[in-house]
Structures are given as structure tokens and as C-alpha cells.
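# Secondary and tertiary structure notes
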Amino acid sequence: MSRRNMDQEVLQVAAEDAGMRVDVFIAAKLGVSRARAQEILEGATVDGVVVKAKYNLREGSEVRWTPLAAPDVAALPDIPAEQLLSETDFLYEDENLLVLNKRAGLTVHQGAGDTGATVVDLLRARGVPLSSVGPPERAGIVHRLDKDTTGLLIVCKTDAAHWKLASDFEERRVDKTYEAVVCAVPTPKGRIEAPIGRHHTYRKRMAVVPEGRMAVTEYEVLSDWLRFSHLKINLLTGRTHQIRVHLAYVGHPLAGDAVYGGAVRALTNSPDARVTAALEALPGQALHAAHLRFFHPVSGERIELDAPLPPVMRELIDALEEDAVNTRREVAHTKLPPHLTHPQPRDSQNAW
């Protein structure tokens, strides 16, 4: 249980949490790393007493700390006007949370090696209040999308909303449906269960590895064009790059995905010039978070949102469909040899 009390955050220790180390408790409840939890603990008390990270909690105890202040908006780096968020980027907003239709090329939060404005930066530039759960560079972020993945992204304004939604994500009470264009044609429906962890050689990539965390992906083919398919995808877990890694693992990398082999393979298998142009226009993987369903963390109201496919992905699908139509037309007009178009009567004496 968590609440705000006189500008302090308070976590109540439940019976099932008794005996847990305080740093582990904070990390689990706030969804942050152990290192970040220990930073929070430097300004925290348990029942009014400063304790060390290894302190074991008792049922009914209260962990209190003062949240870090959000960075001053005036201190943010200059952001070009064309990168700022517009009203059309916001699909839902109230005093507790908002939902964005994230564009490709926009990083959700700052990470190692990242440069340029992030979703967090752009929201702060608009003066949007963000939850203080987690490190400042991840303020408000309760889940994430890869930089070049487009679509629906929830951002929390209050800590109460953040904690509740973090729990809902963990308990799989949030439904997210993605759409993707992949290479080749998988079975009409499928379920991929394979553990995902860091690639043994290329540490910035993820891979299916025995020691990884189990991940489950379900998909359904919406359309297929012999060399490509349009899929609907549901995640039952939320591992880094999960969809990209799983589809590449079963031989169907995402079109445009340079990291997991889909970009080169898609261009190699392009059937015509329009499809090639559409593939070259993709800023990255053809992956879009299209549908989102969750329960409001405060009101309990069910919220369902849809985000249309981005134009570059829509153009790729239209180009593939046009090529399929042209191919069918060509086949229909192909002249067959006379003995196939006008079969001869069979000799009844020799009939089987």
C-alpha cells in the first residue's frame, strides 16, 4: 500500500512483505533497480528511523521519503519546434495519466548512449507533471516502446497512478495488441515460448538464450503476400525487444529491422519497385502498438484506445496488396496450352 503524506511518499509493509530487505522492498514496489532503491533509501526512514539497505522489514512498518523534485523545465536542452509534441499526439489525458501515439525515432527515456529529446523531455517542455517513481530521466514511464516502434504509450502523472498501473502490467491486466509486417508467411496462428536474454556476443542485442527470462508471444496472420505477412501480435510477457527477437527466432524477422536481420531480407525479397520504396522509407522495424485496453488506476473505468497505422507502414501494406492483385491478374490472363484449356475426352475402355 502506498500514499502521499505531507509531501512525503509512504509505503506500508504488508504481511507478505515482512522480513524483506528494505532496498529490495522499495525496488519491488516502485519498479526501480536495486541501485536506485538504495539512492532513495538515503533520504528515507522506516518508522522514523534511518536504516541500512539490509534492514529486514516488519509487518505494519512505514517507509517514508521525500520524492526528488522534477528537473526545472527551463534547464532542459533546446528542442527544435518540429520535434515538440502536438495535440494530435495525445489520445487520452486526465489529471492522473496520459496516452500518447508515439512516433518513430523518439526515445521514451534517456539511456546509455542515447542523444536527443525523449518523450520525458518533450512532456516536461510542455509543463506536464510526471510521477516521481523511478529515476528522474524515467519520470512517468510505466512501460516503454523501442525508439522506432510507433503507437500507444501510457505515461503517469501521479505516483498513485504509476504504482497501480505498474502492478497491473505485472499481473497482465493491461492488454496490448501490436501489428507488424514480417518476412515470409508463418502458420495462421502461433505461440512462441522461448527465454530472452542478452546476446552472448553482441551485448546491445537481445537473443533467445537458455539462461534468459521466459517470454511468450502470440500472433495471428491478418494478411499474407507469399514473401511477407501482416500480423496481429499479443504479448503475454514484456521482455526487451521481445516481438523482434521472437519473430526473428522463428524465421520471420520484422521488415525494416536492421538489428535482427529483417531489413536486408525484406529488401532482398521485395517483389517490385513500389514495395522497395516503401521498405526504404521505413525508419526502422515495421512494428506498431495499435490497441490498448486497461482499467483506470483511480476510477477503475475500462479504457480502450486504438492508434491508426503510421503512413509509412500503411504504404508498405498497400504496396504489398497492390503487387498481390497484379500478380493474380497476370496469372488469370496467362494463356495455357490447348491440351490444358480444352482437355480431350477420355477413352472409356482405358478409364480407371
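This structure is a prediction, so every number in the text was calculated from the model and none was measured. (Residues numbered from 1 in each chain as written. Predicted model: local features only at pLDDT ≥ 70, side-chain atom pairs only at ≥ 80, totals over all residues. Heavy atoms only, no water.)

For the rest of this paragraph, the subject is the pairing of strand β6 (residues 97-102). When you tally the buried positions in β6, you get 6 out of 6 residues, the bulk of the element. The side-chain alternation of β6 yields two buried faces, one formed by Leu97, Val99 and Asn101 and the other by Leu98, Leu100 and Lys102. Here strand β5 (residues 90-93) pairs with β6 via 3 bridges, running antiparallel. Its bridge partner being in β6, Glu93 is matched across the sheet by Leu98. Across 6 bridges, β6 lies against strand β7 (residues 150-156) in antiparallel orientation. Across the sheet, Val99 pairs through a bridge with Ile154, a residue of β7. (Buried < 20%, exposed > 50% of the residue type's maximum accessible area, 1.4 Å probe, protein only. Helix = DSSP H or I, 4+ residues; strand = E, 2+ residues; numbered from the N terminus. Pairing = 2+ DSSP bridges.)

With that out of the way, let us pick up the pattern of salt bridges. Summed over all chains, the structure comprises 18 salt bridges. In this structure, the salt-bridge partner of Asp146 is Arg144, at a minimum N-O distance of 3.5 Å. Given the relative accessible area of 12%, Asp146 is considered buried. Assessed through its relative accessible area of 40%, Arg144 is described here as partly exposed. In this structure, Glu220 and Lys232 form a salt bridge, with 3.7 Å as the shortest nitrogen-oxygen distance. Linking Glu220 in strand β11 (residues 213-224) with Lys232 in strand β12 (residues 228-235), this pair joins segments that are 12 residues apart in sequence. A network of salt bridges, in which partner residues are shared, links Arg144, Asp146, Arg244 and Asp257. (Salt bridge = Lys/Arg side-chain N within 4 Å of Asp/Glu carboxyl O.)

Here the focus is the confidence of the model for the protein. With 85% of its residues at a pLDDT of 70 or more, the protein shows a mean pLDDT of 86. Throughout residues 70-74 the model reports pLDDT below 50, and contacts reaching past four residues in sequence, or to other chains, amount to 3 contacts. A low-confidence stretch, residues 346-352 stays under pLDDT 50, and its non-local contacts, those more than four residues away or across chains, total 2 contacts. (pLDDT = per-residue confidence, 0-100. Contact = heavy atoms within 4.5 Å.)

Moving on, we get to the packing of helix α7 (residues 273-281) against helix α8 (residues 311-332). Running from amino to carboxyl end, α7 crosses α8 at an angle of 160°, the nearest separation of the two axes being 9 Å. Between α7 and α8, the interaxial angle falls into the category roughly antiparallel. Crossing handedness for the pair α7 and α8: left-handed. The segment α7 lies against α8, with Arg274, Val275, Ala278, Leu279 and Ala281 engaging Val312, Glu315, Leu316, Asp318, Ala319, Leu320 and Glu322. Broken down by class, the residue content of the contact of α7 with α8 amounts to 8 nonpolar, no polar and 4 charged. (Axes fitted to C-alpha atoms, helices over the stretch in contact; angles between N-to-C directions. Parallel < 35°, antiparallel > 145°, perpendicular 65-115°, else oblique. Left-handed = near helix turned anticlockwise from the far one by under 90°. Nonpolar A, V, L, I, M, F, W, Y, C, P; charged D, E, K, R; others polar.)

Here we take up the nonpolar core. Leu123, Val155, Ile233 and Leu247 are the most contacted members of the largest nonpolar core, which totals 31 residues. Broken down by secondary-structure element, the contributors of at least two residues to this core are β6, α3 (119-125), β7, β8 (175-183), β11, β12, α5 (242-249) and β13 (287-295). In terms of residue count, α3 provides more of this core than any other element does, 4 residues in total. Not counting residues up to four positions away in its chain, the partners in contact with Val155 are Leu97, Leu98, Val119, Leu123, Leu130, Gly140 and Ile141. (Core = buried A, V, L, I, M, F, W, Y, C linked by side-chain atoms within 4.5 Å.)

Quick look at helix α4 (residues 159-170) now. The terminal C-alpha atoms of α4 lie 16 Å apart, and with 12 residues this matches the ideal 16 Å at 1.5 Å per residue to within 8%. Taken together, the buried positions of α4 are occupied by Asp159, Ala161, His162, Trp163, Leu165, Asp168 and Phe169. Backbone geometry just downstream of α4 places Arg172 in the positive-phi region, at approximately 60°. (Expected span 1.5 Å × (residues − 1).)

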